[in-house]
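# Structural overview
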Amino acid sequence: MTEQNPPVPAWDTLWRNVHLATLAAPGDYGEIRDAAIAVRDGRIAWLGPRAALPAGARAAVEHDGGGAWLTPGLIDCHTHIVYGGNRSDEFEARLNGVPYEEIARRGGGIVSTVRATRAASADALLAASLPRVAGLLAEGVTTLEIKSGYGLDLATERRMLQVARTLGERLPLRVRTTFLGAHALPPEFTGRADAYIDLVCDELLPTLAAEGLVDAVDAFCERIGFSVAQTERVFGVAARLGLPVKLHAEQLSDQGGAALVARYRGLSADHLEYLSPDGIAAMAAAGTVAVLLPGAFYCLRETRLPPLPALREAGVALAVSTDCNPGTSPLGSLLLAMNMACTLFRLTPLEALAGVTRNAARALGLADQLGTLEVGKAADFALWAIDRPGELAYGIGLNPCRQVVSAGVARAPHGLS
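Residues numbered from 1 in each chain as written. Predicted model: local features only at pLDDT ≥ 70, side-chain atom pairs only at ≥ 80, totals over all residues. Heavy atoms only, no water.

### Describing the pairing of strand E7 (residues 174-182)
Of all nine residues in E7, seven are buried; the element is thus mostly enclosed. Pairing geometry for strand E6 (residues 141-147) and E7, over five bridges, is parallel. Among the inter-strand pairings, Glu145 is bridged to a residue of E7, identified as Arg176. Summarising the sheet, E7 and strand E8 (residues 216-221) pair through three bridges and their orientation is parallel. Paired with Ala182 across the strands is Ala219, a residue of E8. Crossover handedness for the path E7 to helix H6 (residues 193-210) to E8: right-handed. (Buried < 20%, exposed > 50% of the residue type's maximum accessible area, 1.4 Å probe, protein only. Helix = DSSP H or I, 4+ residues; strand = E, 2+ residues; numbered from the N terminus. Pairing = 2+ DSSP bridges. Right-handed = clockwise from strand over helix to strand, strands pointing away.)

Here you go:
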């Protein structure tokens, strides 16, 4: 019987002469030096040391990485990037000593952005959002979560979510949409919070979910937001619709939101400065990711740190995001968010990078598709002119991204085409 040689792999694209940080397992960068990575049909087909490339392996297009480091594409897993207007006046007011909660009670805060967003057309919202997203694309971001929540009525919530979908269609970017109708109480419902939650549960969420505009459901569980009981009503509808949940929890006070979202096996609890030991235990048991938002912590001049040592001890996965929004985190750089997570929250550079790749994918329910460099996963990655992976959390206002690859298609980091 004649022994047959194994078939020679034929790939779409091959990158040689790169160093890989696979992030494939907790605890280290997953470094493979002097490596190669191959793509077929938009997915990773092979990776490993360059010396281990199969004999005769070929690709339709081959790239010399020039010794760059290659990581999974970055994931910004918590943003409010589609909105109208801005709130620079509130920034000035806070610096003059007015607390954020007082600004909100005066008609500022989220409600001021609601007014501007309701007045903006879809074209205006898209035009305003494109430059914000372009900055993230230039930093190696390949997946972006975008929340609604500045409409608080059916027409505007729909318009926001449609613009988010359009961004994902026009740009080399995976967009996950989150319905955040329970973000704030609209002015027309002043003093009638339960009636507004009726509207969210009976009309807004079911309608927008039926239109295919919702990938997940979020709420703002806080003294200036909604109670645990009101939030749970929204979560109950999400569960009936088969939609995963996440929550703005324990940002300004401990309302027990983290335990609530964990009870619904939620994807993530976000902010968490006032997180309790009971909340940590619930999140650990449910596998709920802790999403850290250092931009809001910085802009609000918060002094209470999220309980990072206890979260680590409990084994809760830590993600990092920009929380890009007009009021409390006008932050358009995920690399800067990584640096802030290290300097303000004392994350290690490894934790910060895992927080915008592997754990951010978990926070979006996409860990089986994204967040690490593994055969079979989406070929979303970035190439960096750095000496070591930890350098990505080191620079302030620096962008060493050389190339971004989305679904196997390479582009210059500064370009949208």
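### Things to note about the sheet that holds strand E13 (residues 381-384)
If you trace the seven strands from one edge of the open sheet to the other, you get E3-E2-E1-E4-E13-E14-E15, paired in mixed fashion. Each edge of the open sheet carries a strand with a single partner, namely strand E3 (43-49) and strand E15 (409-411). Neighbouring strand axes in the sheet, compared pairwise and without regard to direction, differ in orientation by 30° on average. (Axes fitted to C-alpha atoms, helices over the stretch in contact; angles between N-to-C directions.)

### Quick notes on the state of the cysteines
Tallied over the entire structure, the rule returns zero disulfides. As a non-bridged cysteine, Cys324 has Cys299 as the owner of its nearest cysteine sulfur, 10 Å distant. (Disulfide = S-S within 2.5 Å.)

### Observations regarding the UniProt feature "binding site: Zn(2+)" (unreviewed entry) in the chain
As annotated in UniProt, the feature "binding site: Zn(2+)" (unreviewed entry) corresponds to His78, His80, His248 and Asp323 in the numbering used here. On the basis of their most widely separated C-alpha atoms, the annotated residues across 246 residues gather in one place, lying no more than 12.2 Å apart. Position of His78 among the secondary structure elements: in the loop between strand E5 (74-76) and helix H1 (88-95). With a relative accessible area of 0%, His78 lands in the buried category. If we skip the residues at most four places from it in the chain, His78 touches Glu145, Lys147, His248, Asp270, Val291, Leu293, Ser321, Thr322, Asp323 and Cys324. Here the side chain of His78 touches Asp270 through a polar contact of 2.6 Å, side chain to side chain. Structurally, Asp323 can be placed in the loop between strand E12 (318-320) and helix H12 (334-345). Setting aside its immediate chain neighbours within four residues, Asp323 contacts His78, Thr79, His80, His271, Leu293, Ala296, Thr328 and Ser329. (UniProt positions renumbered as here; feature names shortened; annotations may be inferred. Contact = heavy atoms within 4.5 Å. Polar contact = N/O pair within 3.5 Å; in protein donor to acceptor, adjacent residues only side chain to side chain.)

### What about the UniProt feature "binding site: 4-imidazolone-5-propanoate" (unreviewed entry) in the chain?
UniProt records the feature "binding site: 4-imidazolone-5-propanoate" (unreviewed entry) at Arg87, Tyr150, His183, Gln251 and Thr328, using the numbering of this structure. Note on placement: Tyr150 falls in the loop between E6 and helix H5 (154-170). With a relative accessible area of 4%, His183 lands in the buried category. Once you skip the residues sitting within four places of it in the chain, His183 turns out to touch His80, Ile110, Gly149, Tyr150, Leu152, Phe220 and Phe226.

### Structural notes on the domain arrangement of the chain
Per the domain assignment, the segments of the chain are domain 1 (10-72 + 372-411) and domain 2 (74-364). Placing a centre on the C-alpha atoms of domain 1 and another on those of domain 2 gives a separation of 30 Å. Each partner contributes to the interface: domain 1 provides 29 residues, whereas domain 2 provides 22 residues. Taken together, both faces of the contact between domain 1 and domain 2 bury some 1,900 Å²; the carbon and sulfur share is 63%. Contact with domain 2 buries area across many residues of domain 1, yet Leu23, Ala393 and Arg411 alone supply 26% of it, more than any other trio. For the pair domain 1 and domain 2, the number of links is one salt bridge. Between Arg174 and Asp380 there is a salt bridge; the shortest N-O distance is 2.5 Å. (Domains from an automatic or database assignment. Buried area = accessible area lost by both parts, 1.4 Å probe. Salt bridge = Lys/Arg side-chain N within 4 Å of Asp/Glu carboxyl O.)

### Quick word on the packing of H6 against helix H7 (residues 228-241)
Between H6 and H7, whose axes approach to 10 Å, the crossing angle comes to 20°. In this view, H6 runs roughly parallel relative to H7, as classed from their interaxial angle. Where H6 crosses over H7, the handedness of that crossing is right-handed. Contact residues: Ala193, Asp194, Ile197, Asp198, Val200, Cys201, Leu205, Pro206 and Ala209 in H6; Gln230, Arg233, Val234, Val237, Ala238 and Leu241 in H7. Across the contact of H6 with H7, the residue classes break down as 11 nonpolar, one polar and three charged. (Parallel < 35°, antiparallel > 145°, perpendicular 65-115°, else oblique. Left-handed = near helix turned anticlockwise from the far one by under 90°. Nonpolar A, V, L, I, M, F, W, Y, C, P; charged D, E, K, R; others polar.)

### Brief notes about H7
Compared with an ideal rise of 1.5 Å per residue, which puts 14 residues at 20 Å, H7 spans 20 Å between its outermost C-alpha atoms and is within 8% of the ideal. Burial in H7 covers these residues: Gln230, Thr231, Val234, Phe235, Gly236, Val237 and Ala238. After H7 finishes, the residue Gly242 shows a positive phi value of roughly 75°. (Expected span 1.5 Å × (residues − 1).)

### Side note on the side chain of Glu157
Inspection of the secondary structure assignment puts Glu157 in helix H5. In this structure, Glu157 is buried with no salt-bridge partner, the nearest side chain bearing the opposite charge being Arg118 at 7.6 Å. Of note is the side chain of Glu157, whose polar atom sits 2.6 Å from the side chain of Ser148. Discounting chain neighbours no more than four positions away, the residues touching Glu157 are Ser148, Gly149, Tyr150, Gly151, Leu152, Phe179, Leu180, Gly181 and Leu208. (Lys, Arg positive; Asp, Glu negative; His and termini not counted.)

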